[in-house]
Amino acid sequence: MQVIEAARGIMRASGNMRQWNHGYPSEEVITSDIEKGGGYVIVENSAVIGYFAFLPSPEPAYEKILDGQWLDDKSPYHVIHRVASYPGCRHIFRDIMAFCLSRDGNIRISTFQENTIMQRLVEKHGFSYCGMIHVSTGHDALAYQIVKGDKAY
């Protein structure tokens, strides 16, 4: 939970004031990720420096996309959620992508419009913007997908 709090601080410092509010993601959400076999930590020098969830479809929030369409709306996919790290940690998302693409070539991710850091990262790593989704907090989020046939990254 310390890495989640650190990531929330990064968001606030970059002007992202709406995402991860009101106790989200809670310890219960993280525990649920882990119980589903999809909660992962990133470790460096025996210390946890990051966290992310990588969960199989279906993702209810991704069932309806607005103002666009998914690159592939027929095949099973995985979703990356709750990407978090401490300030100053480098190449976390690159490592997450290498791990995830080695397991599935069809991946979706979403983020709030104010999260310009995540937008830059997903675009840098080959995701395409697909449209908007409506998330459980009542907000709209930018939705992205990457489809790679060879799973090599």
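Residues numbered from 1 in each chain as written. Predicted model: local features only at pLDDT ≥ 70, side-chain atom pairs only at ≥ 80, totals over all residues. Heavy atoms only, no water.

Some points on the packing of aromatic side chains
The final tally for this structure, using the stated rule, is 6 aromatic pairs. When the ring of Phe54 is compared with that of Phe99, the centres are 6.4 Å apart and the planes differ by 75 degrees; the resulting orientation is edge-to-face. Taken together, the residues span a long stretch of sequence, with Phe54 in strand S2 (residues 47-56) and Phe99 in helix H3 (residues 92-101) at a distance of 45 residues. Owing to a relative accessible area of 22%, Phe99 belongs among the partly exposed residues under this scheme. On the basis of an interplanar angle of 75 degrees and a centroid distance of 5.7 Å, the ring pair of Tyr129 and Tyr144 is categorised as edge-to-face. (Phe/Tyr/Trp six-rings, centres within 6.5 Å; stacked < 30°, edge-to-face > 60°. Helix = DSSP H or I, 4+ residues; strand = E, 2+ residues; numbered from the N terminus. Buried < 20%, exposed > 50% of the residue type's maximum accessible area, 1.4 Å probe, protein only.)

Section: the state of the cysteines
What makes a disulfide is a covalent bond joining the sulfur atoms belonging to two cysteines. Applying the stated criterion to the full structure yields 0 disulfides. Between Cys89, a cysteine without a disulfide, and Cys100, which holds the nearest cysteine sulfur, the sulfur-to-sulfur distance is 17 Å. On the basis of relative accessibility, which here comes to 26%, the residue Cys89 falls in the partly exposed class. No disulfide involves Cys130; its sulfur sits 17 Å from the nearest other cysteine sulfur, which is in Cys100. (Disulfide = S-S within 2.5 Å.)

Observations concerning the layout of surface pockets
In this structure, the largest pocket occupies an estimated 1,300 Å³ of space. Along its surface, the largest pocket is lined by 50 residues, and Trp20, Arg82, Val83, Asn115 and Met118 are the ones closest to its centre. If you list the elements that add at least two residues to the lining of the largest pocket, you get helix H1 (2-13), helix H2 (27-35), S2, strand S3 (78-85), H3, strand S4 (106-111) and helix H4 (116-124). The element that contributes the greatest number of residues to the lining of the largest pocket is S3, accounting for 6 residues. Class assignment of the residues belonging to the lining of the largest pocket gives a composition of 26 nonpolar, 16 polar and 8 charged. (1 Å grid on protein atoms, 1.4 Å probe; cavity = no way out; pocket = protein on both sides within 12 Å on 5 of 7 lines; lining within 4 Å. Points joined across faces, edges and corners; volume = space filled by probe spheres on them. Nonpolar A, V, L, I, M, F, W, Y, C, P; charged D, E, K, R; others polar.)

Just geometry here; none of it tells us what the structure is for.
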